[in-house]
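Chain by chain, the residues run as shown.
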Amino acid sequence: MSKTNLHANRPLSPHLQIYKLIPTMVMSIVHRITGGALYFGTLLVAWWLIATATSEAQFNFVSWVLGSWIGLLVLLGYTWALLHHMIGGIRHLIWDTGRGLDKHTTTKMAWASLVLSIALTVLIWVAAFTIL
């Protein structure tokens, strides 16, 4: 049997273009991405903490970097990633109890995690800029 016949008769697995994106699938992907982003953000927090312990000049430099518009944008993204990942973790803990596993509830929880993470991020940033 030739090699081409073996490959021609073999069934192909479905690929990404076959699947319809649903909210639970997207939130699962976003949960993984935010988990990865938290590694980078935590390095920034560690940099800031090390700078506070090092010297005033180092602290001023880190504050200048994180206080720039791009630094604030990164911190905003870090805040959202942290909150979204936490809410996604709570959602998974609820699922671990065997609750909320039907399709309708999982879709509602996916949308709720997105809305809640955005709302909490806005509240935290409004509170931070109100206090400062």
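The rules behind these values
Residues numbered from 1 in each chain as written. Predicted model: local features only at pLDDT ≥ 70, side-chain atom pairs only at ≥ 80, totals over all residues. Heavy atoms only, no water. Helix = DSSP H or I, 4+ residues; strand = E, 2+ residues; numbered from the N terminus. Buried < 20%, exposed > 50% of the residue type's maximum accessible area, 1.4 Å probe, protein only. Contact = heavy atoms within 4.5 Å. Areas by Shrake-Rupley, 256 points an atom, 1.4 Å probe, with all protein chains shown as cover. Axes fitted to C-alpha atoms, helices over the stretch in contact; angles between N-to-C directions. Parallel < 35°, antiparallel > 145°, perpendicular 65-115°, else oblique. Nonpolar A, V, L, I, M, F, W, Y, C, P; charged D, E, K, R; others polar. Patch = residues over 30% accessible without salt bridge, like charges linked within 9 Å, V, L, I, M, F, W, Y side chains within 5 Å. Salt bridge = Lys/Arg side-chain N within 4 Å of Asp/Glu carboxyl O.

Caption draft 1: Looking closely at the overall build of the chain. For the chain, the helix and strand inventory stands at five helices and zero strands. Scored against the burial criterion, the 132 residues of the chain give a buried share of 23%. At a minimum sequence separation of 6, the contacts of the chain that also span at least 24 residues come to 69%. Summing over all exposed atoms, the chain offers an accessible surface of approximately 9,900 Å²; the carbon and sulfur share of this is 74%.

Caption draft 2: Structural detail: the packing of helix H2 (residues 23-54) against helix H3 (residues 56-67). Contact geometry for H2 and H3: axes closest at 7 Å, N-to-C directions at 150 degrees. Our classification of the angle between H2 and H3 gives roughly antiparallel. Across the interface between the two elements, Trp-47, Trp-48, Ala-51, Thr-52 and Thr-54 from H2 touch Gln-58, Phe-59, Phe-61, Val-62, Ser-63, Val-65 and Leu-66 from H3. For the contact of H2 with H3, the residue count by class is eight nonpolar, four polar and no charged.

Caption draft 3: Here's a closer look at a nonpolar patch on the surface. On the surface, a cluster of nonpolar side chains totalling about 630 Å² of accessible area is made up of Phe-40, Trp-69, Ile-70, Leu-73, Val-74 and Leu-76. If one sorts the elements of the nonpolar patch by residue count, helix H4 (residues 69-96) sits on top with five residues. As for its position among the elements, Ile-70 is in helix H4. Residue class for Ile-70 comes out partly exposed when judged on its relative accessible area of 47%.

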